[in-house]
Amino acid sequence: MNTSETHVLKFGGTSLQNPNYIKQSTQIVMDRTQQAHPFVVVSALEGVTDALIELTKDIGKKTDLIETGVDNLRQKHLTIFDKLTDGQHKKRNRLDKLFDELTQDLHKLSLDIENKRALKDRILSIGERASALIFASVLSSNGLPAESFEAHQFIKTDSTFGKAKVKQDTTRKLIREYLQQSKFVPVVTGFIGSDSQNRITTLGRSGSDYTAGLVADALNADHLEIWTDVNGVLSADPRWVPTAQSIKELSFGDITELSAHGAKVIHPQTIRPIQDKGTTVLVKNSYNPSHPGTSITSGFESNGALKTITVTGPFVKLQVDETHAFELFSKLTEWSEQETDSEAVGFKTSSEFEPARFILRQSFFEKVSNLLGQWASSRDVVLDLQSNLFKVKKFSNHFSDDESLSKRIWDLLVSNNLQPINAERNLDERFISFLFDRQDAQLAARLLNDYLQGDQKVIDLFVAGTGAVGHTLLKQLKSLEPEGITFRLIGACNSRNALWQEEGIALKNDIDWSDSEPTNWELLIDKLTAPHRNNLIFVDATGSEEVARLYPQLFENGTHIVTPSKLANTFEQAFFDDLQSLIKENNTSFRYETTAGAGLPVISTLNELQSAGDSITEISGVVSGTMTYLFNQLEQGVPFSEAIVDAREKGYAEPDPRDDLSGEDVARKFLTLARTLGYKIEREQIAVESLIPEALRDVDKDTFLDQLSNYDQTWEQRISAAQNKGQTLRYTGRFKDGKVNIGIEVLPKDSPIGQLKGTDNLIQIFSDLYNQTPLVIQGPGAGKEVTAAGVLADILKTARSLS
Ligand SMILES: Nc1ncnc2c1ncn2[C@@H]1O[C@H](COP(=O)(O)OP(=O)(O)O)[C@@H](O)[C@H]1O
Ligand SMILES: N[C@@H](CC(=O)OP(=O)(O)O)C(=O)O
């Protein structure tokens, strides 16, 4: 072991969620012995402190629940112990006994015979004492001898149970005495200490970080590492802002300020003991240990805090008439004297004509609401209340030197219809704070995070459909790195399974569907339309009517849609009109370039001509690659039935080729083009010549394929008759004078359409500008690669158009 460096590693409850995570955390410690001497601090297993608190609540009324409550916790710990250790009996017994102690203490609490607050802290200490035992035993079982320490032996505090103050000098001395002489790797309980009478105290919720800070101070550690479940300190709480990004470096000042204002990742006191030391603080992800996380040092010249946002709450806004404001203020100040929370009471008067405003922490408000009610009714004062509000704070070092910053932030909120209930900007603070209801707070936090991150735009994608086009698109997305845009695939689904990962699905390899769930569109729509969504592109590669019918809901919620599916544009005209107005009202975008001509720029050309003031008079040509292929084959003497089977095998024709031969596909493409130009037209108004023989319209697919050869001769005659006159057959569509006609056309062999090869499409556009010779768009009109590339181009266009 190289002990040249001392590293203190603290593992929070999130790193100790289940046996796998515990194993992963112990592995990090084992690996560390290669380069340093590790000292470990652990929190309780995830959820255990909460469970203990729950057990102590109203204990007098539920003594019958003590046994089962304790037993659940005992089993949880013993099961993990048995799974991860080689059965160290003594330690297992100690672990078991902790829960006997817990039972006794809970009974004592219910009888109310001892100092309640002291008892509660002793009860809470069980979580850390149990996890330290487990962690040390797992290390030892894996060949790294370790010893668990109960920190109340050496962390000395006053007797403020629940949030004890540490006596730093004595503590420093004792930590050294206990830990420096340990021959094994010490595993210390976080969160707990003891008072002068050796009664166990706790340091406040999330206090294990603080314990780690104390240990790092006493041992003059080179590293203090906070191991948790995110990639370091993020630009915002990921539960509010899923696009939050990891911050590389921060100063001690930054982190102290951020954590004091609600960045939960590190306890506000943690840094205090090592304030003046050269210790490097690292915040790292136990599930992603190779990620550098965040490095926090005293010397770092900070501008990192520029990019951070915190959300705190809930708060209650209380308004009273100005005449009573100061009296109420002094009452609230008196009632909050015992509060350690600096945001328990906030007060604001803006002008004598406006009511005075108090912003109270909701938990404090609930405590004093009776007193408040009495005060108000004795004076006949009307209290105007609004609860469940959240403060969104945007931090920056630049508020003082960049006057436009506050304005830009305001503009951003206003342009998104966000009206804060209250706003505060204290000149010597590095943040601006806005009060919103929960929904608006979520959107504001997301907007501020995304827009002020820098030039990088974060765009969320959801891909529905993983067939030929969807699958190819996902592959193409892998290698896409557009400048200034980060795409985050938050979900994907097919008709069976749906995968959702708010932080983004890794695209490097094939998607791992192991965490997927059965596709349920009701649930998916709830997630897709959650209030904090911003810049979301929904890609519909399903070809499903059910999905296309969901577009209105998505547009209503500001989602942008890109699709190669013709369905939504070709349902009844009323549906199309509805989509258009929703798109306009909600300022969203709908791109469907690949619905006519696959990757060819047909729709965008029409849109561009129109927006340049041109008026389109006629569109005609071939928009089915399958049909081009079919007639090419017929020209070469291949029988009709064989040509169709061949087109099907090559993946050009649909599995049931009647879907192509019916002309429905071409009709829908022309319907889309006509409607894009603003014409109102129903599918039934389009005359379509079907190539399916009358007798084979209603038979099953196999019979259809079997009997197709009966028609080979007719087709042979038809094509030779044309060829004899220097002509050929093509399946075309024509939109003119508000009408659409689809069917076979006999054309000169040497005309542009007559010469089409492969699966090419050719679209001719006549307009006021192009009135002599048409504007012609020609190229491959089918195939998953070109279609997926076209969808991708639509996604990029949409992304670039978003601010
Ligand atoms: N700015 C932020 N950066 C990183 N995480 C944050 C931030 N704000 C809030 N969090 C939340 O804090 C959690 C970690 O804190 P905590 O629950 O105390 O973890 P642990 O159990 O590891 O101590 C993360 O999972 C994250 O959801
Ligand atoms: N277990 C304690 C102390 C702690 O620090 O936990 P965590 O590191 O999981 O936030 C709590 O839940 O408050």
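Here the residue numbering is sequential within each chain, running from 1 through the sequence in written order. Each chain gets a letter, beginning with A, and each ligand a number, beginning with 1, in the order they are written. Totals for whole chains, interfaces and linings use every residue, but because this is a predicted model, local features are given only for residues with pLDDT of at least 70 and side-chain atom pairs only at 80 or more, for both listing and counting. Neither water nor hydrogens contribute to the side-chain values; these are computed over all heavy atoms in the structure.

The name that an unreviewed UniProt entry assigns to the protein is Aspartate kinase, with the source organism given as Fodinibius halophilus. UniProt positions are given in the numbering used here, feature names are shortened, and annotations may be inferred rather than shown by experiment. Quoted verbatim from the Cofactor (unreviewed entry) heading of the UniProt record, the comment on the protein is "a metal cation". Its UniProt record gives the protein the following Subunit (unreviewed entry) comment, quoted word for word: "Homotetramer."

Student: How do you make sense of the site of ligand 1 when you look at a structure like this?
Tutor: Lining the immediate surroundings of ligand 1 are 18 residues, of which Thr14, Thr228, Asp229, Leu234 and Lys264 lie closest. What qualifies as a polar contact is a pair of N or O atoms within 3.5 Å, subject to a donor-acceptor requirement within protein and to the restriction that residues adjacent in sequence count only when both atoms come from side chains. Note that an oxygen atom of ligand 1 is positioned 2.6 Å from one of the side-chain N or O atoms of Thr14. Separating an oxygen atom of ligand 1 from a side-chain N or O atom of Asp229 is a distance of 2.6 Å. For ligand 1, the accessible surface in isolation is 570 Å², of which the surrounding protein chains cover 91%. The criterion for a residue being near a molecule or strand is simple. One of its heavy atoms has to lie within 4 Å of it. Each accessible area value is a Shrake-Rupley result obtained with a 1.4 Å probe; residue values ignore everything except the protein chains displayed when judging cover.

Student: What am I meant to see in the sheet that holds strand β20 (residues 517-518) here?
Tutor: By way of backbone hydrogen bonds, the strands of a sheet pair with one another, either parallel or antiparallel. Here we have seven strands laid out as an open sheet, ordered β20-β19-β18-β17-β21-β22-β23, and mixed in their pairing. On the outer flanks of this sheet lie β20 and β23 (590-591), each paired with one strand and no other. Strand pairing is assigned whenever DSSP detects at least two bridges linking the two strands. The numbering of helices and of strands both runs from the N terminus, where a helix is a DSSP run of H or I of at least 4 residues and a strand a run of E of at least 2. Direction of pairing for strand β19 (residues 497-500) relative to β20: antiparallel, over a ladder of two bridges. Looking across to β20, one finds that Asn497 is bridged to Pro518.

Student: Looking at this structure, I do not really get the packing of helix α19 (residues 602-611) against helix α23 (residues 664-676). What am I missing?
Tutor: Any two packed helices are characterised by the angle at which their axes cross and by the distance between the axes. Angles here are taken between N-to-C directions and fall from 0 to 180 degrees, while the axes themselves are lines fitted to C-alpha atoms, restricted in helices to the stretch in contact. Axis separation between α19 and α23 bottoms out at 10 Å; the angle between their running directions is 20 degrees. Considering the angle they form, α19 stands roughly parallel to α23. As for the relative orientation of α19 and α23, their crossing is right-handed in sense. For the pair formed by α19 and α23, the contact residues are Val602, Ile603, Leu606, Asn607 and Gln610 on the first element and Thr672, Leu673 and Thr676 on the second. Across the contact of α19 with α23, the residue classes break down as four nonpolar, four polar and no charged. Angle categories are assigned with fixed cut-offs, so that under 35 degrees is roughly parallel, over 145 is roughly antiparallel, 65 to 115 is roughly perpendicular, and the rest are oblique. Take the far helix as your reference; a near helix turned counterclockwise from it by less than a right angle gives a left-handed crossing, and one turned clockwise gives a right-handed crossing. Should any heavy atoms of two residues lie within 4.5 Å, those residues are considered in contact. Residue polarity follows a fixed list, in which Ala, Val, Leu, Ile, Met, Phe, Trp, Tyr, Cys and Pro are nonpolar, Asp, Glu, Lys and Arg are charged, and the others, Gly among them, are polar.

Student: I keep staring at the site of ligand 2 and nothing clicks. Help me out?
Tutor: By nearness alone, every residue bordering ligand 2 is listed as Lys10, Gly12, Gly13, Ser43, Ala44, Thr49, Glu128, Phe191, Arg205, Ser206, Gly207 and Ser208. Ser43 is positioned such that a nitrogen or oxygen atom in its side chain is 2.6 Å from an oxygen atom of ligand 2. Between ligand 2 and the protein, one listed contact pairs an oxygen atom with a backbone N or O atom of Gly207 at 3.4 Å.

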